[in-house]
Amino acid sequence: MRDDFEASFSDQLAAIEAEAAPVAPTAVSARLLETPDFAPFCFAYPAPDSASQAQHPAALLADLTWNAGSHARATSMLSAYADDVATRDSLLLGVDDESQLAVARILAILVCAEESAVNVFHHECHRIPAEQVVADHQALREIEAEERVHAWLIHAARSHLPVPDDIDAIRRRTRRLFMRVASREVATHFARLTGLDSGVCISLSALLGSSRVNKIDGFARLIKHIRRDEATHVKKSRDHAVNLGFNPDQFHECYDLTRSGMVGMLEPIAGSFETLGVDPDRLFKRLMRFQESRLAGEAALAD
Ligand SMILES: [Fe+2]
Ligand SMILES: [Fe+2]
């Protein structure tokens with residue numbers, strides 16, 4: 001696909017879905033049966049509800065909530081990342097120190113988002129009675145499983161990368177944003193999440209549009225995988241918010257909070273985007289572009 005982050009979000013979603021060829025199921029590697037030893041970076045989260053309650057990725061893959069395509073893609077990605085040496089090489093080999101640090105900063109932010117998302121979807125699955133909204137519940141369980149896989153993959157990647165000096169400030173800022181976005185109103189909370197998830201997709205598309213990023217194969221493959229899932233999360237969270245009674249005309253108001261918060265959180269690491277060949281100003285403008293469509297009086301959400 002053209003990794004054009006100027007395209008509207010619905011164009012991007014269509015392109016992202018069209019691009020992903022079906023992945024043949026692969027065997028589960030032994031590494032995936034190990035309980036992860038990663039300490040949470042921003043937010044601890046509970047064990048999954050699978051029969052074994054095991055935390056290792058193989059238990060997630062055994063969970064019956066997956067749709068087949070998503071399951072095959074997750075299996076293939078987890079199996080590739082289970083090879084420690086190959087993963088380390090794919091993240092570090094031929095990559096200069098500054099770029100390694102830039103990748104480490106971006107993944108630190110991303111893992112906060114994943115840990116937060118595991119919590120949100122896990123608790124929501126417990127909150128709503130399964131029989132009340134069966135289709136919705138299934139969508140939420142799938143998201144929870146996908147977020148757990150994302151978190152595992154990013155923790156695995158981070159274990160190979162250097163730790164930037166400003167890591168504590170990054171963690172503080174990111175945590176603060178997620179706390180601010182939280183709402184006691186569940187429908188509002190999910191509406192806000194769509195602003196964050198679509199913002200993540202836009203940012204990952206900007207990164208994937210850079211040749212420098214594509215040379216860091218392990219990173220490019222990881223964020224492509226995450227972007228594919230997040231694009232579907234936007235739609236599912238949006239539907240869930242509306243099912244809970246959120247007024248679709250008010251998504252823009254949520255975007256004010258989430259996208260400006262996101263830009264504020266990313267500004268201090270603008271230099272890392274530059275290092276990776278992404279123009280941060282262009283990206284930040286793109287993240288705020290929903291405001292233009294509102295000013296133009298468009299009722300529909302443009303991105
Ligand atoms: Fe995610
Ligand atoms: Fe997500």
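Quantities reported herein were computed from a predicted structural model and do not represent experimental measurements.

The next point concerns the overall build of the protein chain. If you tally the helices and strands in the protein chain, you get 14 helices and zero strands. Scanning the protein chain from its N terminus toward the C terminus, one meets helices and strands in the order α-α-α-α-α-α-α-α-α-α-α-α-α-α. The burial tally for the protein chain puts 56% of its 303 residues in the buried class. Within the protein chain, counting contacts between residues at least 6 apart in sequence, those at least 24 apart form 80% of the total.

The next point concerns the packing of aromatic side chains. Counted under the stated rule, the structure contains four aromatic pairs. Each ring, one from phenylalanine 38 and one from tryptophan 152, has its centre 6.1 Å from the other, and the planes form 70 degrees; the classification is edge-to-face. Of this pair, phenylalanine 38 sits in the loop between α1 (9–19) and α2 (57–62) while tryptophan 152 sits in helix α6 (residues 134–158), placing them 114 residues apart in sequence. You can call phenylalanine 38 partly exposed: its relative accessible area is 21%. Residue tryptophan 152 is classed as buried on the basis of its relative accessible area of 5%. The residue whose ring lies beneath arginine 158 is phenylalanine 41, and the NZ or CZ to ring-centre distance is 4.3 Å. The side chain of arginine 238 reaches across the aromatic face of phenylalanine 251, ending 4.2 Å from its centre.

Okay, the coordination of the iron ion (ligand 2) next. Around the iron ion (ligand 2), the donor atoms from the protein are Glu147 (OE), Glu230 (OE) and His233 (ND1), and they sit 2.0 to 2.3 Å away. Taken in chain order, the donor set of the iron ion (ligand 2) reads E-x82-E-x2-H. A separation of 3.6 Å is found between the iron ion (ligand 2) and the iron ion (ligand 1), both of which receive a donor from glutamate 147. Of this pair, glutamate 147 sits in helix α6 while glutamate 230 is found in helix α10 (residues 217–243), placing the two residues 83 residues apart along the sequence. Glutamate 147 sits in the buried class, given a relative accessible area of 1%. Glutamate 230 sits in the buried class, given a relative accessible area of 3%.

Our focus in this paragraph is the coordination of the iron ion (ligand 1). Coordination of the iron ion (ligand 1) by the protein comes from Glu114 (OE), Glu114 (OE), Glu147 (OE), His150 (ND1) and Glu230 (OE), over a distance range of 1.9 to 2.8 Å. As a motif over one chain, the donors of the iron ion (ligand 1) read E-x32-E-x2-H-x79-E.

Across all of its chains, the model carries seven salt bridges by this definition. Its salt-bridge partner being aspartate 229, residue arginine 73 comes within 2.3 Å of it at the nearest N-O pair. Of this pair, arginine 73 sits in helix α3 (residues 68–82) while aspartate 229 is found in helix α10, placing the two residues 156 residues apart along the sequence. By the burial criterion, arginine 73 is buried, and aspartate 229 matches it. Linking aspartate 166 and arginine 105 is a salt bridge whose minimum nitrogen-to-oxygen distance equals 3.0 Å.

Attention shifts here to the packing of helix α7 (residues 167–181) against helix α11 (residues 251–266). Contact pair α7 / α11: the axes reach a minimum separation of 10 Å and the direction vectors enclose 170 degrees. Compared by their axis directions, α7 and α11 come out roughly antiparallel. Between α7 and α11, the residues in contact are Arg173, Thr174, Leu177, Arg180 and Val181 and Leu257, Thr258, Gly261, Met262 and Met265, respectively. Within the contact of α7 with α11, the residues separate by chemical class into five nonpolar, three polar and two charged.

Take the layout of surface pockets next. Put simply, the largest pocket is a space of about 300 Å³. Forming the walls of the largest pocket are 17 residues, and the residues nearest its centre are Ser116, Asn119, Val120, Ala182 and His189. Within the residue set of the lining of the largest pocket, elements represented by two or more residues are α5 (97–127), α7 and α8 (186–208). Among the elements that make up the lining of the largest pocket, the one with the highest residue count is α5 (six residues). In terms of residue class, the lining of the largest pocket is built from 10 nonpolar, five polar and two charged.

Let's shift gears to the confidence of the model for the protein chain. For the protein chain, per-residue confidence averages 85 on the pLDDT scale, and residues scoring 70 or more make up 84% of the total. Contacts from residues 295–303, a stretch scored under 50 in pLDDT, to residues over four places away or in other chains number 16 contacts.

Here, the word disulfide means a covalent bond between the sulfur atoms of two cysteines. According to the stated counting rule, one finds one disulfide in the structure shown. Each sulfur of the disulfide joining cysteine 42 and cysteine 112 lies 1.9 Å from the other. Around the S-S axis, the bridge from cysteine 42 to cysteine 112 shows a dihedral of about 45 degrees and counts as right-handed. Here cysteine 42, found in the loop between α1 and α2, pairs with cysteine 112, found in helix α5; they are 70 residues apart in sequence, far enough to count as distant. For cysteine 42, a relative accessible area of 8% translates into the label buried.

Conventions used here
- Residues numbered from 1 in each chain as written.
- Chains lettered and ligands numbered in written order.
- Predicted model: local features only at pLDDT ≥ 70, side-chain atom pairs only at ≥ 80, totals over all residues.
- Heavy atoms only, no water.
- Helix = DSSP H or I, 4+ residues; strand = E, 2+ residues; numbered from the N terminus.
- Buried < 20%, exposed > 50% of the residue type's maximum accessible area, 1.4 Å probe, protein only.
- Contact = heavy atoms within 4.5 Å.
- Phe/Tyr/Trp six-rings, centres within 6.5 Å; stacked < 30°, edge-to-face > 60°.
- Lys NZ or Arg CZ within 6 Å of the ring centre and 35° of its normal.
- Donors = N, O, S within 2.8 Å, 3.2 Å for Na, K, Ca; no water.
- Salt bridge = Lys/Arg side-chain N within 4 Å of Asp/Glu carboxyl O.
- Axes fitted to C-alpha atoms, helices over the stretch in contact; angles between N-to-C directions.
- Parallel < 35°, antiparallel > 145°, perpendicular 65-115°, else oblique.
- Nonpolar A, V, L, I, M, F, W, Y, C, P; charged D, E, K, R; others polar.
- 1 Å grid on protein atoms, 1.4 Å probe; cavity = no way out; pocket = protein on both sides within 12 Å on 5 of 7 lines; lining within 4 Å.
- Points joined across faces, edges and corners; volume = space filled by probe spheres on them.
- pLDDT = per-residue confidence, 0-100.
- Disulfide = S-S within 2.5 Å.

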